[in-house]
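Survey of secondary and tertiary structure
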Amino acid sequence: MEKTDYRYCPKCNAEYEPHIAFCSDCNVTLVNEKPIDVPLDQIEWVEAGQFSGKVYGEMAGEILANNDIPYFLKSDFFSAAFNISPVNMPGAVVKLFVPENDKEHAEQLIMDITD
Ligand SMILES: [Zn+2]
């Protein structure tokens, strides 16, 4: 059986038939390698949003996970310095980081819960 070489949009991760060259949503050239397969150390992490409290950050993370977008959360220096979980600190800022390729998509998904 012949393997179908799907192509992928490096911006929104959409999957396309091999004969399609451009992502109509993002207007970028498709690539043969799925962006999510890029080794972790090649990923450029960028900030996609800030939240007042860990709960909202985790809420956003859950949305991203449901959309196959990798992410990590980083709390502000204060809670980190004192080793206090941000969940107990109202007003603590939690930052959400995603791969640069997924930033736009991530921002759209979490738009409703960012500050
Ligand atoms: Zn796209």
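The structure displayed is predicted, hence computed values, not measured ones.

Notes on the coordination of the zinc ion
Looking at the zinc ion, one finds its protein donor set to be Cys9 (SG), Cys12 (SG), Cys23 (SG) and Cys26 (SG), positioned 2.2 to 2.3 Å from the metal centre. Because the angles between the four donor atoms bound to the zinc ion fall within 102 to 117°, the donor set is best described as tetrahedral. In terms of primary sequence, the donors binding the zinc ion are separated according to C-x2-C-x10-C-x2-C. You can see cysteine 12 sitting in the loop between strand 1 (7-8) and strand 2 (15-16) and its partner cysteine 23 sitting in strand 3 (residues 22-23), a full 11 residues away along the chain. What makes cysteine 23 buried here is its relative accessible area of 0%.

Notes on the packing of aromatic side chains
Under the defined criterion, the tally for this structure stands at two aromatic pairs. Ring centres of tryptophan 45 and phenylalanine 72 lie 5.1 Å apart, and the angle between their planes is 65°; on these two criteria the pair is classed as edge-to-face. Here tryptophan 45 is found in strand 5 (residues 45-52), whereas its partner phenylalanine 72 is found in strand 6 (residues 72-75), with 27 residues between them in sequence. Relative to phenylalanine 97, the ring of phenylalanine 72 lies with its centre 5.1 Å away and its plane at 10°, an arrangement referred to as stacked. Of this pair, phenylalanine 72 sits in strand 6 while phenylalanine 97 is found in strand 7 (residues 93-99), placing the two residues 25 residues apart along the sequence.

Concerning the confidence of the model for the protein chain
Within the protein chain, residue pLDDT values average 80, and 75% of them lie at 70 or more. Mean pLDDT values for the elements of the protein chain range from 50 in helix 2 (residues 77-81) up to 94 in helix 3 (residues 103-110).

Thresholds, definitions, all that
Residues numbered from 1 in each chain as written. Predicted model: local features only at pLDDT ≥ 70, side-chain atom pairs only at ≥ 80, totals over all residues. Heavy atoms only, no water. Donors = N, O, S within 2.8 Å, 3.2 Å for Na, K, Ca; no water. Tetrahedral: all angles 85-135°; square planar, octahedral: opposite > 155°, others 65-115°. Helix = DSSP H or I, 4+ residues; strand = E, 2+ residues; numbered from the N terminus. Buried < 20%, exposed > 50% of the residue type's maximum accessible area, 1.4 Å probe, protein only. Phe/Tyr/Trp six-rings, centres within 6.5 Å; stacked < 30°, edge-to-face > 60°. pLDDT = per-residue confidence, 0-100.

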